[in-house]
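Now for the letters of each chain:
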Amino acid sequence: MEQRLKAYLDCIPCFFRQALAAARMSTDDESVQRHVLNSVSFMIPDLALGVTPPEIAQQVYRIVHEITGNNDPYIEAKQHANQSAMALYARMKDMVDYSEDTLESACKLAIAGNAIDLGARAEFGSMYSIAEDSERYQLDQVHYRRFQESVRQSSLILYLADNAGEIVFDRILIEQLLRIKKLEIVLVVREKPIINDATLEDARQVGLNNVATIISNGSDAPATILSQCSSKMREYYQAADLIISKGQGNYESLSDRSENIFFLFKVKCPVIARDSGYEIDRPVLISSNEIKI
């Protein structure tokens, strides 16, 4: 089975909240916003058993796009997040360079950046506070040491990105990985706009093309659903020595896989907390080999 984590009843109110938020960002017309909610409500009873949260989200945002005519309601929010994070780029580089363990510090920053998620939450607060909070994070040292060793043993790393703005924090980690040894790093973004997830345009805007090969995954799902991904992306996926998976959506779609995957994310909802075993707001770095199915 490709995806393990199914949607729960707890997810349904969240999808309505997301649909309304996206509709309001797309149009001020309340009749159109109501049409979006009605259409989502009609979709819910027909959902197949075992469907995953990202698959439902994909359908929800397609409904928003179809009804409002706006295929990227979060474009301004994404641009603002990218610009705000880039304004802190030098500060974040210093945080890493002057830390005792530069790789661990970079991992903490990358995880902190996962707070920039407009699907899970309506707002994410100050970019400066997100970066500063990372210094207080405590990572599971067993998992971190395994990650450290996996990096040393790798030649090709596939980096599955998540959100705009967050990808600046990812750039910090990628640059640190490249300091450790000679590596080929391929960064994967979404094919089409979905929530505030990063696309090729976002990745280029923050200079990731200078440190990694950037490809899109061929899908508009807010996750990595392999059956929807392009053949090129799947080839890299199979060839990679190490896969770094950012965010809850990628965790939801890949947490049952047997490849060498390390998940980096912040727990933002009760469903993920229950599934992962980590409490809400906890920074997580965990290997796929350690996840109990």
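Refer to the structure presented above.
Within each chain, residue numbers correspond to sequence positions counted from 1 in written order. Note on the predicted model: pLDDT of at least 70 is required for a residue's local features to be given, and 80 or more for side-chain atom pairs to be given and counted; whole-chain, interface and lining totals, by contrast, use all residues. Remark: hydrogens and water are excluded; side-chain values derive from all non-hydrogen atoms of the structure.

A.B. asks: Break down the packing of helix 1 (residues 11-26) against helix 2 (residues 30-43) for me, citing the residues and quoting the values.
C.D. replies: As a packed pair, helix 1 and helix 2 sit with axes 9 Å apart at the nearest point and diverge in direction by 150 degrees. Of the possible angle classes, the one that applies to helix 1 and helix 2 is roughly antiparallel. As for the relative orientation of helix 1 and helix 2, their crossing is right-handed in sense. Here F16, A19, L20, A23 and R24 of helix 1 come into contact with helix 2, specifically with Q33, V36, L37, V40 and S41. Looking at the contact of helix 1 with helix 2 residue by residue, the classes come out as seven nonpolar, two polar and one charged. All axes here are fitted lines through C-alpha atoms, helices being fitted over the stretch that makes contact, and every angle between N-to-C directions spans 0 to 180 degrees. Helix and strand definitions follow DSSP, with helices as H or I runs of at least four residues and strands as E runs of at least two, each counted in order from the N terminus. Under this scheme an angle from 65 to 115 degrees is roughly perpendicular, one under 35 degrees roughly parallel, and one over 145 degrees roughly antiparallel; angles in between are oblique. Should the near helix be turned anticlockwise from the far one by less than a right angle, the crossing is termed left-handed; should it be turned clockwise, right-handed. Every residue pair with non-hydrogen atoms within 4.5 Å of one another is taken to be in contact. Residue polarity is assigned by list, with Asp, Glu, Lys and Arg as charged and Ala, Val, Leu, Ile, Met, Phe, Trp, Tyr, Cys and Pro as nonpolar; anything else, Gly included, falls into the polar class.

A.B. asks: Before we move on, could you go through the side chain of N196 and cite the residues and values that matter?
C.D. replies: Here N196 shows up in the loop between strand 2 (184-189) and helix 10 (200-205). The exposure class assigned to N196 is buried, which follows from its relative accessible area of 2%. Setting aside anything within four residues of it in sequence, one finds N196 in contact with Y74, K78, I116, D117, L118, G119, N163 and A164. For every residue, the accessible area (1.4 Å probe, protein chains only) is compared with the maximum for its type, and the residue is labelled buried under 20%, exposed over 50%, or partly exposed between those bounds.

A.B. asks: Can you explain the pattern of salt bridges? Please cite residues and give values.
C.D. replies: By salt bridge we mean one thing: a side-chain nitrogen of Lys or Arg within 4 Å of a carboxyl oxygen of Asp or Glu. For the structure on display, the rule yields 17 salt bridges. The partner of K268 in a salt bridge is D117, and the shortest N-O contact between them spans 3.5 Å. On the criterion of sequence distance, the pair formed by K268 in the loop between strand 5 (261-266) and helix 13 (270-276) and D117 in the loop between helix 6 (102-112) and helix 7 (127-133) is long-range, its members being 151 residues apart. Note that R282 and E279 form a salt bridge whose closest N and O atoms lie 4.0 Å from each other. For E279, a relative accessible area of 49% corresponds to the partly exposed category.

No statement about biological role is implied by the geometric values presented.
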